[in-house]
Amino acid sequence: QFMVLLCCYTKRRAIILSRKWIPVTSMILLSLMMFFIFIYASSVSGLAQAEVEAKDIIEVDYPIEQVHQFNMVTMKESYFSMFFTDNEGVERYAIIKQDGGDTDYYTNEDIISREDAIGITKYDNEIDKVMQARLGKMDNRPVWEVTFKDQSGIMSYYYLDATDGEWIQTIANL
């Protein structure tokens, strides 16, 4: 009978202790969630601010009717790229150098589309999933950077000359 009382006392004490830790554990988890939300929001707000600034730069030359895609890409240098439709209905690509704001514009006649870059990459590689395709510059020429995973789950970067779709380089096994 003493053993039964001891077990009951131990279980009750364990229950009481666990009830005391619930608020502490909840606060710790809540704090961690808040921290990660803050980090995420900070990174997204930085990109959102970059998009606003890119629009301001582009609208000096072309009033923007609609933005289709905005990206940041870092090759040798960092660039922002925007695919947009101007007020005359012409689809354009803008590549803006992050350091200095130098801007180059291209139309669909000047460079291959994002979809074409993905299609060429799929044709040349065994791809399981395309992660993204971003426009930037490498050696002063427009380049598509297509990020993908193969069937083994290995991530690779595939670089194509955006003017003609020719392969430039592959960075694999990441």
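Preceding this section is the structure that the text describes.
In short, a report on the structure. Bear in mind that the values here come from a model prediction, so they are computed numbers and not experimental data.

## Considering the overall build of the chain
- In terms of helices and strands, the chain carries two helices and eight strands.
- Its helices and strands in sequence order give the chain the pattern α-β-β-β-β-α-β-β-β-β, from N to C terminus.
- Across the 174 residues that make up the chain, the buried fraction comes to 31%.
- Contacts spanning at least 24 positions in sequence make up 32% of the contacts within the chain whose residues lie at least 6 apart.
- Accessible surface, the chain: about 11,500 Å² in total, of which carbon and sulfur atoms supply 56%.

## Here's the deal with the pattern of salt bridges
- Tallied over the entire structure, the rule returns six salt bridges.
- The salt bridge involving D139 is made with K76; its shortest N-O contact spans 3.0 Å. A residue pair is termed long-range when its members are at least 10 positions apart, and D139 in the loop between strand 5 (129-138) and strand 6 (141-149) and K76 in the loop between strand 1 (64-74) and strand 2 (78-86) qualify at 63 residues. Grouping residues by exposure puts D139 and K76 together as exposed.

## Things to note about the packing of aromatic side chains
- In total, this model carries four aromatic pairs according to the counting rule given.
- Plain terms: the ring middles of Y62 and Y105 are 4.9 Å apart, the flat faces sit at 75 degrees to each other, and that makes the pair edge-to-face. Of this pair, Y62 sits in the loop between helix 1 (2-58) and strand 1 while Y105 sits in strand 4 (residues 103-107), and the two are 43 residues apart along the sequence.
- Measuring from centroid to centroid gives 6.1 Å for Y93 and W144, while their planes differ by 90 degrees, and the two rings are edge-to-face. Remark: W144 occurs in strand 6 and Y93 occurs in strand 3 (residues 91-97); sequence separation between them is 51 residues.
- For Y93, a relative accessible area of 4% translates into the label buried.

## Quick word on the sheet that holds strand 6
- Ordered by their spatial adjacency, four strands build an open sheet running 5-6-7-8, and the pairing between neighbours is antiparallel. Of all the strands in the sheet, the pair left with one neighbour each is strand 5 and strand 8 (167-171). Across this sheet, the average inter-strand angle for adjacent strands is 20 degrees, counted without regard to direction.
- As paired elements, strand 5 and strand 6 share nine bridges and run antiparallel to each other. Looking at strand 6, one finds that V130 is bridged to F148.
- Set on the sheet, helix 2 (residues 114-124) makes contact with strand 5, strand 6 and strand 7 (155-161); between it and strand 6 the angle comes to about 55 degrees.

## A few points about the nonpolar core
- By size, the foremost hydrophobic cluster in this structure holds 24 residues, and its most contacted members are Y93, L135 and W144.
- When residues of this core are traced back to their parent elements, those giving at least two are strand 2, strand 3, helix 2, strand 5, strand 6 and strand 7.
- At four residues, the largest contribution of residues to this core is made by strand 6.
- The next biggest cluster of nonpolar side chains, apart from the first, holds 10 residues, and it includes A54, I64, F80 and I96.

## Here we look at helix 2
- Of all the residues in helix 2, the buried ones are A117, I118 and T121. Along helix 2, the residues classed as buried sweep out an arc of 95 degrees about the axis, all on the same side. Turned more than 90 degrees away from the buried face of helix 2 sit E115 and Y123, all of them exposed.

## Points about the side chain of D150
- With respect to the helices and strands, the residue D150 is situated in the loop between strand 6 and strand 7.
- Look at D150: it is buried, it has no salt bridge, and the nearest opposite charge is K149 at 8.9 Å.
- One polar contact links the side chain of D150 to the main-chain amide nitrogen of S152, over a distance of 2.9 Å.
- For D150, the residues in contact, after removing those within four places along its chain, are E126, I127 and D128.

Basis of the calculations
- Position numbers for residues count from 1 along each chain, tracking the sequence in the order it is written.
- Reporting of local features is limited, given that this is a predicted model, to residues whose pLDDT is at least 70; pairs of side-chain atoms are given and counted only at 80 or more, and all residues count toward the totals for whole chains, interfaces and linings.
- Think of the side-chain values as coming from all heavy atoms in the structure, minus any hydrogens and water.
- Only DSSP runs of H or I covering at least 4 residues are called helices, and only runs of E covering at least 2 are called strands; the numbering of each starts at the N terminus.
- When a residue's accessible area, from a 1.4 Å probe over protein chains only, is under 20% of the maximum for its type it is buried; when over 50% it is exposed; and in between it is partly exposed.
- Two residues form a contact once any of their heavy atoms are found within 4.5 Å.
- For accessible areas, the Shrake-Rupley method is used with a probe of radius 1.4 Å. Any residue's cover is judged against the shown protein chains and nothing else.
- Any carboxyl oxygen of Asp or Glu that lies within 4 Å of a side-chain nitrogen of Lys or Arg is treated as forming a salt bridge with it.
- Within 6.5 Å between ring centres, the rings of Phe, Tyr and Trp (the latter by its six-membered ring) count as paired, and their orientation is classed by plane angle as stacked under 30 degrees, edge-to-face over 60, tilted in between.
- In short, DSSP must find at least two bridges between two strands for them to pair.
- What counts as an axis is a line fitted to C-alpha atoms, over the stretch in contact for a helix, and the angles between N-to-C directions run from 0 to 180 degrees.
- Joining through side-chain atoms within 4.5 Å is the link that ties buried Ala, Val, Leu, Ile, Met, Phe, Trp, Tyr and Cys residues into a set, and such a set is a nonpolar core.
- Comment: arc refers to directions from the helix axis out to C-beta atoms.
- We treat Lys and Arg as the positive residues and Asp and Glu as the negative residues; His and chain ends play no part in the count.
- Counting of polar contacts relies on pairs of N or O atoms within 3.5 Å, with two restrictions inside protein: one atom must be capable of donating a hydrogen and the other of accepting it, and residues adjacent in sequence are counted only when both atoms are side-chain atoms.

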